Amino acid sequence: TLTTHLRSLEPLSQMSASDQEAIRWIAQHVPKDAVILNTIKDVEAGVFIGGAGQWIPALTGHTILFPALALTEDVLNPAISDRLQIMSALEARRASDEAFVELLNAYHVRYVFLSPRMMHARRVLFPPIGPEQFFSSPQYRLAYQQGDTYVFSLTRSK
C-alpha cells in the first residue's frame, strides 16, 4: 500500500535532528544576505539532487548556491558549469585552493553547510563531502557543529 511504501522511505530521510539544529542556528546567526554553499549529487546527466541544505531557503530565507528548482539545467551553460566546478573541486579536496575560494567569492558564498545526508540517488557523481578539507584550511573557520553536520564560514571574502 502507499502508506507502507512511504514508511519504507523514512530511513532515507534527507534531514536529521543535527541538520535541523544547524539550520535553526543559520536562521539565528547568519546574516540574511549571506549565500550558503550546499552540496549536490548527480543522478543522471544534468539531473542533480541535494540534501538537507536544500531546506535552508524554505526554513530560513537564506540563499543557497544550488537551489532545488535550478538543479536540472543545461550543464553546458557557463553559469551551471562554474557551479559544477565547485562540486568537482570539493570532490578533489581543493577547498583551500585560491582559485576555488575566488569562485566562492564570485558567487558571494560566505558559509558552507555540510551534511552527509542526501536525497536517495541511484548513482553518485559527487561523493559526500567531509569536513576535513575545511578544518585543515586557514580559509575557513568552524562556525557551528551539531553531530555530523557542520557550518563553516569563509575567513576571507571579497
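Remember, it's a predicted structure, so these values are computed and weren't measured experimentally.

S.K.: Before we go on, may I ask you to explain helix α2 (residues 17-29) in this structure?
M.R.: Helical periodicity: at 3.6 residues per turn, an α-helix aligns residues three or four positions apart in one direction. The end-to-end C-alpha distance of α2, which contains 13 residues, comes to 18 Å, matching closely the 18 Å that a straight helix rising 1.5 Å per residue would cover. The set of residues buried in α2 consists of S18, D19, A22, I23, W25 and I26. Projected onto a plane normal to the axis of α2, the buried residues spread over an arc of 155° and lie on a single side. The exposed set on the far side of α2, more than 90 degrees from its buried face, consists of A17 and Q28. Of the surrounding elements, those touching the buried residues of α2 are β1 (35-37), α3 (56-60), β5 (109-114), β6 (140-146) and β7 (149-154).

S.K.: Looking at this model, I keep getting lost on the nonpolar core. Mind explaining?
M.R.: Taken as a class, soluble globular proteins show a tendency for nonpolar side chains to be buried jointly. Membership of the largest hydrophobic core comes to 24 residues, with the highest contact counts inside it found for L37, L90, F134 and Y140. Every element with two or more residues in this core is listed here: β1, α4 (78-91), α5 (98-106), β5 and β7. Ranked by the residues each element gives to this core, the list is headed by α4, at five residues. Those residues in contact with L90 that sit more than four places away from it in its chain are L37, T39, A95, F100, I129, Q133 and F134. Residues M15, I26, I36 and I56 belong to the second largest nonpolar core, which totals 15 residues.

S.K.: Even after reading the chapter, I still don't get the pairing of β6, so can you show me in this structure?
M.R.: Successive residues of a regular strand alternate their side chains across the two faces of the sheet. Pairing analysis gives six bridges linking β6 to β7, with the strands arranged antiparallel. If you follow Q145 over to β7, its bridge partner there is Y150. As consecutive antiparallel partners, β6 and β7 are separated by two residues, and within that stretch G147 has a phi angle of approximately 60°, a positive value.

S.K.: Teacher, can you tell me more about the pairing of β5 here?
M.R.: Burial runs high along β5: five of the six residues are buried. Here β1 pairs with β5 via three bridges, running parallel. Residue V35 lies in a different strand from β5, and its bridge partner there is V109. Bridge count between β5 and β7: four bridges; the pairing is antiparallel. Paired with F113 across the two strands is V151, which belongs to β7.

S.K.: How should I be thinking about the packing of aromatic side chains in this particular structure?
M.R.: One pass over the full model with this rule turns up six aromatic pairs. Between W25 and Y144 the ring centres are 5.2 Å apart and the planes differ by 25°, which places this aromatic pair in the stacked class. Of the two residues, W25 sits in helix α2 while Y144 sits in strand β6, which places them 119 residues apart along the sequence. Residue classification places W25 among the buried residues on the basis of a relative accessible area of 15%. Judged by its relative accessible area of 15%, Y144 falls in the buried class. Measuring from ring centre to ring centre gives 6.0 Å for Y150 and F152, while their planes differ by 15°; the resulting arrangement is stacked. Each member of the pair, Y150 as well as F152, is classed as buried.

S.K.: What's the story with the pattern of salt bridges in this structure? I'm lost.
M.R.: A side chain of one charge can pair with a side chain of the opposite charge if their charged atoms are brought near each other. Considering all chains together, one arrives at four salt bridges under this definition. E21 is paired through a salt bridge with R24; the nearest N and O atoms lie 2.5 Å apart. You can see E21 and its partner R24 sitting in helix α2, three residues apart, about one turn around the helix. Taking the relative accessible area as the measure of exposure, E21 reaches 33% and is therefore partly exposed. Classification of R24 by relative accessible area gives partly exposed; the value is 42%. Note that E132 and R93 form a salt bridge whose closest N and O atoms lie 3.8 Å from each other. Residue E132 is located in helix α6 (residues 132-135), and its partner R93 is located in the loop between α4 and α5; the two are separated by 39 residues in the primary sequence. Judged by its relative accessible area of 53%, R93 is exposed.

Analysis parameters
Residues numbered from 1 in each chain as written. Predicted model: local features only at pLDDT ≥ 70, side-chain atom pairs only at ≥ 80, totals over all residues. Heavy atoms only, no water. Helix = DSSP H or I, 4+ residues; strand = E, 2+ residues; numbered from the N terminus. Expected span 1.5 Å × (residues − 1). Buried < 20%, exposed > 50% of the residue type's maximum accessible area, 1.4 Å probe, protein only. Arc of directions from axis to C-beta. Contact = heavy atoms within 4.5 Å. Core = buried A, V, L, I, M, F, W, Y, C linked by side-chain atoms within 4.5 Å. Pairing = 2+ DSSP bridges. Phe/Tyr/Trp six-rings, centres within 6.5 Å; stacked < 30°, edge-to-face > 60°. Salt bridge = Lys/Arg side-chain N within 4 Å of Asp/Glu carboxyl O.

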